[in-house]
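# Fold and geometry: a report
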Amino acid sequence: LEFRRVLFRSALAIAARGAVAADDATARIVGEIARDMGLRRVHVVSWPGLETPVAFGVRRPTVAVPDDLAVRHGPEEQGAMLAHELAHLLGRDPAWMVVGEVACALWWWHPAAWWAMRGLRSACERTADAAASLVPGGRERLAEVLVRIGREGDRKSTRLNSSHEWISRMPSSA
């Protein structure tokens, strides 16, 4: 599991090199929020097919946004999601995740390593969620967006599963 995360992070970094610069409006929103947070240098890129913004990068802090972010989300929702992602960069979360993943790789057999990693992820997310309050109404908008994205994901999963006839023939566990 940790190896897959390392590969995913590596793939993100490689893909970011070929990503397209985000539109001016999104870059402006990111720039304003980043300045308010005290971040000086954040790269903003746009990726087709991305569902939500993603923050990554240890040496080159980057926020990747869906290419249709402005179409799918209003300004308040965009601000809340981007503040959340920028908080990950402000807290150096990508670097801390690498440290945690290395610790889990070294001490894979020890439950405390996995427990600590779970706690680190949880603390990073709670801190980033709190950062949404930097945007007026941000915490509420972030919660609404997360619920909506979760529901959309459930619908996609249901459609995918219903397209496979063999799933409907499986015995239920009830």
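Going by the structure above, here's the rest.
It should be emphasised that the depicted structure is a prediction, and the values quoted were computed from it without experimental measurement. (Residues numbered from 1 in each chain as written. Predicted model: local features only at pLDDT ≥ 70, side-chain atom pairs only at ≥ 80, totals over all residues. Heavy atoms only, no water.)

## Re the overall build of the protein
For the protein, the count of helices and strands is 8 helices and 4 strands. In the protein, the order of α-helices and β-strands from amino to carboxyl end is α-β-α-β-β-β-α-α-α-α-α-α. Every one of the 174 residues in the protein was classed for burial, and the buried ones make up 33%. In the protein, once contacts between residues fewer than 6 apart in sequence are set aside, the share between residues at least 24 apart is 57%. Roughly 11,200 Å² of accessible area belongs to the protein as shown, and the carbon and sulfur atoms make up 61% of that amount. (Helix = DSSP H or I, 4+ residues; strand = E, 2+ residues; numbered from the N terminus. Buried < 20%, exposed > 50% of the residue type's maximum accessible area, 1.4 Å probe, protein only. Contact = heavy atoms within 4.5 Å. Areas by Shrake-Rupley, 256 points an atom, 1.4 Å probe, with all protein chains shown as cover.)

## Describing the side chain of His-84
Within the secondary structure layout, His-84 lies in helix H4 (residues 75-90). Among the polar contacts made by the side chain of His-84, one reaches the side chain of His-88 at a distance of 3.2 Å. Within the structure, His-84 has its side chain in polar contact with the backbone oxygen of Ala-128 (distance 3.4 Å). If near-sequence neighbours (up to four positions away) are discounted, His-84 is found in contact with Glu-125, Ala-128, Asp-129 and Leu-142. (Polar contact = N/O pair within 3.5 Å; in protein donor to acceptor, adjacent residues only side chain to side chain.)

## Digging into the packing of aromatic side chains
Summed over all chains, the structure comprises 1 aromatic pair. Judged by centre distance (5.8 Å) and plane angle (20 degrees), the ring pair of Trp-47 and Phe-56 falls under stacked. With relative accessibility at 7%, the residue Phe-56 sits in the buried group. (Phe/Tyr/Trp six-rings, centres within 6.5 Å; stacked < 30°, edge-to-face > 60°.)

## Notes on the nonpolar core
Ile-33, Met-37, Val-42 and Leu-86 are the most contacted members of the largest nonpolar core, which totals 27 residues. Looking at this core, the elements with two or more residues in it are helix H2 (24-37), strand S4 (62-66), H4, helix H6 (111-131) and helix H7 (138-162). The biggest single contributor to this core is H4, with 7 residues. Excluding residues that lie within four positions of it along the chain, Met-37 makes contacts with Ala-83, Leu-86, Ala-87, Leu-90, Ala-131 and Leu-134. (Core = buried A, V, L, I, M, F, W, Y, C linked by side-chain atoms within 4.5 Å.)

## Regarding the packing of helix H5 (residues 93-106) against H6
Angle between the axes and distance between the axes: these two values describe a pair of packed helices. Contact geometry of H5 with H6 gives a least axis separation of 9 Å together with a crossing angle of 170 degrees. Judged by the inter-axis angle, H5 sits roughly antiparallel to H6. Judged by the twist between their axes, the crossing of H5 over H6 is left-handed. When H5 is examined against H6, the residues Asp-93, Trp-96, Met-97, Gly-100, Glu-101, Ala-103 and Cys-104 are found in contact with a partner set consisting of Ala-113, Trp-114, Met-117, Leu-120, Arg-121 and Cys-124. In terms of residue class, the contact of H5 with H6 is built from 9 nonpolar, 1 polar and 3 charged. (Axes fitted to C-alpha atoms, helices over the stretch in contact; angles between N-to-C directions. Parallel < 35°, antiparallel > 145°, perpendicular 65-115°, else oblique. Left-handed = near helix turned anticlockwise from the far one by under 90°. Nonpolar A, V, L, I, M, F, W, Y, C, P; charged D, E, K, R; others polar.)

## As for a positive patch on the surface
A contiguous patch of positive charge on the surface is contributed by Arg-40, Arg-41, Arg-60 and Arg-92. With respect to the element layout, Arg-40 can be found in the loop between H2 and strand S2 (43-47). Using a relative accessible area of 86% as the deciding quantity, one classes Arg-40 as exposed. (Patch = residues over 30% accessible without salt bridge, like charges linked within 9 Å, V, L, I, M, F, W, Y side chains within 5 Å. Salt bridge = Lys/Arg side-chain N within 4 Å of Asp/Glu carboxyl O. Lys, Arg positive; Asp, Glu negative; His and termini not counted. Charge placed at Lys NZ, Arg CZ, Asp CG, Glu CD.)

## Some points on the packing of H2 against H4
Here H2 crosses H4 at 50 degrees, and the two axes come no closer than 10 Å. Judged on the interaxial angle alone, H4 and H2 are oblique. Of the two elements, H2 crosses H4, and the hand of that crossing is right-handed. Here H2 contributes Thr-26, Ile-29, Val-30, Ile-33, Ala-34 and Met-37 to the contact with H4, which in turn contributes Gln-78, Gly-79, Leu-82, Ala-83, Leu-86, Ala-87 and Leu-90. Counted by class, the contact of H2 with H4 contains 10 nonpolar, 3 polar and no charged residues.

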